[in-house]
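Spelled out, the chains give:
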Amino acid sequence: MEPGLIWILAGLLALGAELVLPGVYLVWAGLAAIGTGLVILVAGPAFAWDVALFLVLLAAGVALSLRHRRGGPTRRVNAPEAGLAGRRATILPTPDGALRVRLGDSEWPARLPRGVPGVVPGTAVRVEAVDGLVLVVRPIETEAQSAAPP
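A brief report on the enclosed structure follows. (Residues numbered from 1 in each chain as written. Predicted model: local features only at pLDDT ≥ 70, side-chain atom pairs only at ≥ 80, totals over all residues. Heavy atoms only, no water.)

### Focus: the side chain of Glu18
Relative to the elements of secondary structure, Glu18 occurs in helix H1 (residues 3–20). Looking at Glu18, its side chain comes within polar contact range of the main-chain nitrogen of Leu26, at 3.2 Å. (Helix = DSSP H or I, 4+ residues; strand = E, 2+ residues; numbered from the N terminus. Polar contact = N/O pair within 3.5 Å; in protein donor to acceptor, adjacent residues only side chain to side chain.)

What follows is the structure, given as structure tokens:
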């Protein structure tokens, strides 16, 4: 069998395996093998050049994918902090005195920043940050008072 066709077949097998095994690693190896097979069919270099060409094409594909990945969004999907900072919530009454807030249709454990006095249920708060699964909240009235000049 022609060496170029073997490279192309190996590339097609790698692309087929990518469908079964999730990830993007076999895509680049498969595309590099197909590219190497096409060059072999056209130019017919020696085996050492075949391997070198495959490695160059593989490195170029991986480098291209890494460059494309860096340009994408950096926010993690379904992460607790995704889109929560700055949103408005309401303090909920709890039997044990722990601080919980209602944000949208969910309840979250919460805490106040240092120096902020306690709050009563029903108080409107704004989410400042997320610490693990705990929301750091500040009463909205306190925000207005701290923003006003003395």
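### Topic: the pairing of strand S3 (residues 106–111)
Across four bridges, the pairing between strand S2 (residues 100–103) and S3 is antiparallel. Paired with Val101 across the two strands is Trp108, which belongs to S3. Connecting the antiparallel pair S2 and S3 is a turn made up of two residues, with Gly104 showing a positive phi of about 65°. Where S3 and strand S5 (residues 134–139) come together, two bridges link them in parallel fashion. Bridging from a neighbouring strand, Ala110 pairs with Leu135 of S5. (Pairing = 2+ DSSP bridges.)

### Describing the packing of H1 against helix H2 (residues 25–43)
With their axes 7 Å apart at the nearest point, H1 and H2 run at an angle of 165° to one another. The orientation of H1 relative to H2 falls into the category roughly antiparallel. Between H1 and H2 the crossing geometry is left-handed. The residues of H2 that touch H1, namely those facing Pro3, Gly4, Leu5, Trp7, Ile8, Gly11, Leu12, Ala14, Leu15, Ala17 and Glu18, are Tyr25, Leu26, Val27, Gly30, Leu31, Ala33, Ile34, Thr36, Gly37, Leu38, Ile40 and Leu41. (Axes fitted to C-alpha atoms, helices over the stretch in contact; angles between N-to-C directions. Parallel < 35°, antiparallel > 145°, perpendicular 65-115°, else oblique. Left-handed = near helix turned anticlockwise from the far one by under 90°. Contact = heavy atoms within 4.5 Å.)

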